[in-house]
Amino acid sequence: MRALTRTDFNLPGQVSVYHGKVRDVYNIDDDIMVMVATDRISAFDVILPKGIPFKGQCLNQIAASFLDATADIVPNWKLATPDPMVTVGLKAEGFRVEMIIRGYLTGSAWREYKNGCRELCGVRLPEGMRENERFPEPIITPTTKADEGHDENISREEIISQGIVSKEDYEVMERYTRALFQRGTEIAAKKGLILVDTKYEFGKRDGKVILIDEIHTPDSSRYFYADGYEEKFLAGEPQRQLSKEFVRQWLIEHDFMNQPGQTMPEITDEYAQSVADRYIELYEHIVGEKFVPADDEGDIAARIEGNVTRWLGDRQR
């Protein structure tokens, strides 16, 4: 199986590189960021031992389409996509907070609610809610952004009082988060999907708050199929969904949640291909186009490095 799980480029003007859980980010001249969406996949804050073919391309192209589709309401970092697995954009000073917004009670929020939690990140939750039920209005539940290990839930009040983000900047991020979620919800509805929850990251450049990183991908978001949602909810049945949650559920079923003493289950080629198929399915649903695999007959890393180098050279001319 062909999957890109590591890059080690030497790009023109390269100042540094950061290898994240999924993305490798190259700093060019302290002004431009080259973000490579690899085929790595993570869950429970650990990178799985096998890459997923075409996952990086799916993520990158979904995110690029949504950055373009929301640029009229929120300024963002994107400049171009010189390769199907790469977005290049403006460097910004990232805030140490991820803005998570939830339209429905599911996933980790449901797990906490089921255990008796009625306040999440300073937000009071209604009594008597059921799994996958829609909130009266979307709630924002931020987390601190950790370089390693688990992100931690935090309230709006704590973020501001601890000086992690100024009150003025946080209010902008909050407003942008709600606007992006509303636009994403509208786009998803046209494709027969429900945008359930998602996260956004913001940074500051030239004194202005801008959207950075990816948006509305299956790594950062959860989607339900609209068709059948009501019937499954009333019957208490699991929703058909397009997100990375199915990977988490598979790991849970195999007794792995990255807890002490637990062992990562084997990721077979067959399972990796099934995950790839789910990512392609989401791409085709949310983008509304047939997925066209990038040329992967040769060296994927060499293709990417060549495409990015050419783009950087053209930009300097």
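Conventions we followed
Residues numbered from 1 in each chain as written. Predicted model: local features only at pLDDT ≥ 70, side-chain atom pairs only at ≥ 80, totals over all residues. Heavy atoms only, no water. Salt bridge = Lys/Arg side-chain N within 4 Å of Asp/Glu carboxyl O. Helix = DSSP H or I, 4+ residues; strand = E, 2+ residues; numbered from the N terminus. Buried < 20%, exposed > 50% of the residue type's maximum accessible area, 1.4 Å probe, protein only. Pairing = 2+ DSSP bridges. 1 Å grid on protein atoms, 1.4 Å probe; cavity = no way out; pocket = protein on both sides within 12 Å on 5 of 7 lines; lining within 4 Å. Points joined across faces, edges and corners; volume = space filled by probe spheres on them. Contact = heavy atoms within 4.5 Å. Core = buried A, V, L, I, M, F, W, Y, C linked by side-chain atoms within 4.5 Å.

Chemist: Residues and numbers for the pattern of salt bridges, please.
Modeler: Using the criterion set out here, one finds 23 salt bridges in the structure. Here E214 ties to R23 by a salt bridge, and the two come within 2.5 Å at their closest N and O atoms. Of the two residues, E214 sits in the loop between strand 14 (208-212) and strand 15 (221-225) while R23 sits in strand 2 (residues 23-28), which places them 191 residues apart along the sequence. The burial state of E214 is the same as that of R23; both residues are buried. Ionic pairing is found between E119 and R124, a salt bridge with its closest N-O pair at 3.9 Å. Judged by relative accessible area, which is 56%, R124 ranks as exposed.

Chemist: So, unusual backbone geometry: which residues are in play, and what are the values?
Modeler: Positive phi values are uncommon outside glycine, yet D30 reaches one of about 55°. Overall, D30 belongs to the partly exposed group, its relative accessible area being 48%. With phi around 70°, F54 is a residue other than glycine that occupies positive phi space. Mapped onto the secondary structure, F54 falls in the loop between strand 5 (46-47) and helix 1 (55-70).

Chemist: If you had to explain the pairing of strand 8 (residues 93-105) to someone new, which residues and values would you point to?
Modeler: With ten of 13 residues buried, strand 8 lies mostly within the body of the structure. The pairing of strand 8 with strand 13 (residues 193-205) spans seven bridges and is classified as antiparallel. Bridged to R102 within strand 13 is D197.

Chemist: Any chance you could break down the layout of surface pockets for me, citing the residues and the numbers?
Modeler: Here the second largest pocket defines a volume of roughly 390 Å³. In terms of lining, the second largest pocket is formed by 21 residues, of which the most central are E131, N132, P238, Q241 and Q249.

Chemist: Describe the environment of A92, listing the residues and the values that go with them.
Modeler: Tracing the backbone shows A92 in the loop between strand 7 (86-90) and strand 8. Once the C-alpha coordinates of A92 and D206 are considered, the two residues, 114 residues apart in sequence, prove to be 8.4 Å apart. When near neighbours in sequence (up to four residues on either side) are disregarded, A92 contacts G203, K204, R205, I210 and I212.

Chemist: An account of the nonpolar core is requested, with residue identities and associated values reported.
Modeler: F202, Y223, V247 and I286 are the most contacted members of the largest nonpolar core, which has 61 residues in total. Here this core gets ten residues from one element, more than from any other, and that element is helix 7 (residues 269-287). The residues contacting F202, other than those within four sequence positions of it, are V74, G94, F95, M99, M173, Y176, T177, L180, V209, I210, L211 and I212. Formed by 18 residues, the second largest nonpolar core is a distinct cluster that contains L4, Y26, M85 and I304.

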